[in-house]
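# Report on the structure
Each chain, letter by letter, is given below.
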Amino acid sequence: GMPKADKFVPFRNTNQVVQTLGIASNLMDRIEEVEQLLRQISRNFPQLRILLRPHPRDKRSYTFATGINPNISLSNARQQTVFEYLRELDMLISGNSGIHLEAVLLNVWSVYFNFNPKEELHDYYGYVANGLVEKAVTYSALKPMLEQGIQQKPEVYLRARYYNATVGTAYDGKSSALATDFVKAMLAN
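As a starting point, this report considers the structure included with it. Residues take numbers from 1 onward in each chain, read along the sequence in its written order. A pLDDT threshold of at least 70 governs which residues receive local features in this predicted model, and a stricter bar of 80 or more applies before side-chain atom pairs are shown or counted, although totals over entire chains, interfaces and linings include all residues. Each side-chain value is worked out from all heavy atoms of the structure, with water and hydrogens disregarded.

On to empty space enclosed by the protein, then. For each structure, a 1 Å grid was placed over the protein atoms alone; sets of points admitting a 1.4 Å probe that cannot get out are labelled cavities, open sets with protein on both sides within 12 Å along at least five of seven lines are labelled pockets, and lining residues have an atom within 4 Å of a point. Grid points are joined across faces, edges and corners, and a volume is the space filled by probe spheres set on the points. Enumeration according to the criterion identifies one cavity of 30 Å³ or more in this entry. In this structure, the largest cavity encloses a volume near 40 Å³. Around the largest cavity, the lining residues are Met2, Ala5, Asp6, Val9, Leu105, Asn164, Thr166, Asp172 and Gly173. Gly is put with the polar residues, along with every residue not named as nonpolar or charged; the nonpolar set is Ala, Val, Leu, Ile, Met, Phe, Trp, Tyr, Cys and Pro, and the charged set is Asp, Glu, Lys and Arg. Residue composition of the lining of the largest cavity, by class: four nonpolar, three polar and two charged.

A word on the packing of helix H2 (residues 31-44) against helix H6 (residues 139-151). Running from N to C, H2 and H6 cross one another at 40°; their axes reach a closest spacing of 11 Å. Looking at the two axes, H2 sits oblique to H6. By crossing handedness, the relation of H2 to H6 is classed as right-handed. In this structure, H2 contributes Leu37, Gln40, Ile41 and Asn44 to the contact, and H6 contributes Tyr139, Leu142, Lys143 and Leu146. Here the residues of the contact of H2 with H6 are counted per class, giving five nonpolar, two polar and one charged. Axis geometry follows a simple rule: fit a line to the C-alpha atoms, using only the stretch in contact for helices, then measure angles between N-to-C directions, giving values from 0 to 180 degrees. Secondary structure elements are taken from DSSP: a helix is a run of H or I of four residues or more, a strand is a run of E of two residues or more, and numbering for both begins at the N terminus. Geometric relationships in this document are graded by angle, where less than 35 degrees denotes roughly parallel, more than 145 denotes roughly antiparallel, 65 to 115 denotes roughly perpendicular, and other angles denote oblique. Helix crossings are classified by the rotation of the near helix relative to the far one: an anticlockwise turn of less than a right angle makes the crossing left-handed, while a clockwise turn makes it right-handed. We call two residues in contact when some of their heavy atoms are within 4.5 Å.

This brings us to the sheet that holds strand S3 (residues 72-74). Paired through their backbone hydrogen bonds, the strands of a sheet run either parallel or antiparallel. Note on pairing: two strands pair once DSSP finds at least 2 bridges between them. In space, the six strands of this open sheet follow the order S3-S2-S1-S4-S5-S6, with parallel pairing throughout. Looking at the sheet topology across the chains shown, the edges are occupied by S3 and strand S6 (134-135). The sheet contacts of H2 involve strand S1 (20-24), strand S2 (49-53), S3 and strand S4 (91-94), and relative to S2 the element is tilted by about 170°. Seen against the sheet, H6 touches S1, S4, strand S5 (109-112) and S6 and runs at an angle of roughly 175° to S5.

Once that is clear, we can look at the pattern of salt bridges. Whenever a carboxyl oxygen of Asp or Glu lies within 4 Å of a side-chain nitrogen of Lys or Arg, that contact is scored as a salt bridge. One pass over the full model with this rule turns up eight salt bridges. Residues lysine 4 and glutamate 102 are paired through a salt bridge, measuring 2.9 Å at the closest nitrogen-oxygen approach. With lysine 4 in helix H1 (residues 3-6) and glutamate 102 in helix H5 (residues 99-105), the pair connects residues that are 98 residues apart, well separated along the chain. A simple rule labels every residue: compare its accessible area, found with a 1.4 Å probe on the protein chains alone, to the largest value its type can have, and call it buried under 20%, exposed over 50%, or partly exposed in between. Glutamate 102 gets classed as buried once you look at its relative accessible area, which sits at 10%. Between glutamate 33 and arginine 30 there is a salt bridge whose closest N-O contact spans 3.3 Å. Among the charged side chains, a network of salt bridges with common partners joins Arg30, Glu32 and Glu33.

Pasting the structure below:
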């Protein structure tokens, strides 16, 4: 289980279509690639609300984003927890980041997109290899996914079972209690 996710399980995304898209960047991502993707998505999908979330330790300025499209806003990772951010999304795009697992646990459709094509850390966490997320190598590959999501967003939270054995069971959202019960049972023996 993932105890920090337990209290957010009741808030899993139930939307049938993508209306709000999150883009989470990290320190390894090239800011130019993030900007280019924002421009492409804004041009082709101006109706989407986009929430850009730079990594909490990223000191670079992303204020350019809000000038691209009035539907783009910045999330402050130092003031808003990752699960609070994810509660606002229907779909997430990110590179090498643990946020993919947290997104899928909340039934937010998550897509791996490499914002630093020269890096050698492709699918660093194995999320693509283990079926947690899809991969879009280029915007041309991502665009049909966005089109699909606008029509029908897939339910994805069960994909997280590989990483969280409580997903889809009676203990889903109760991993803290389950761990406590195990510890108590061990101590009683």
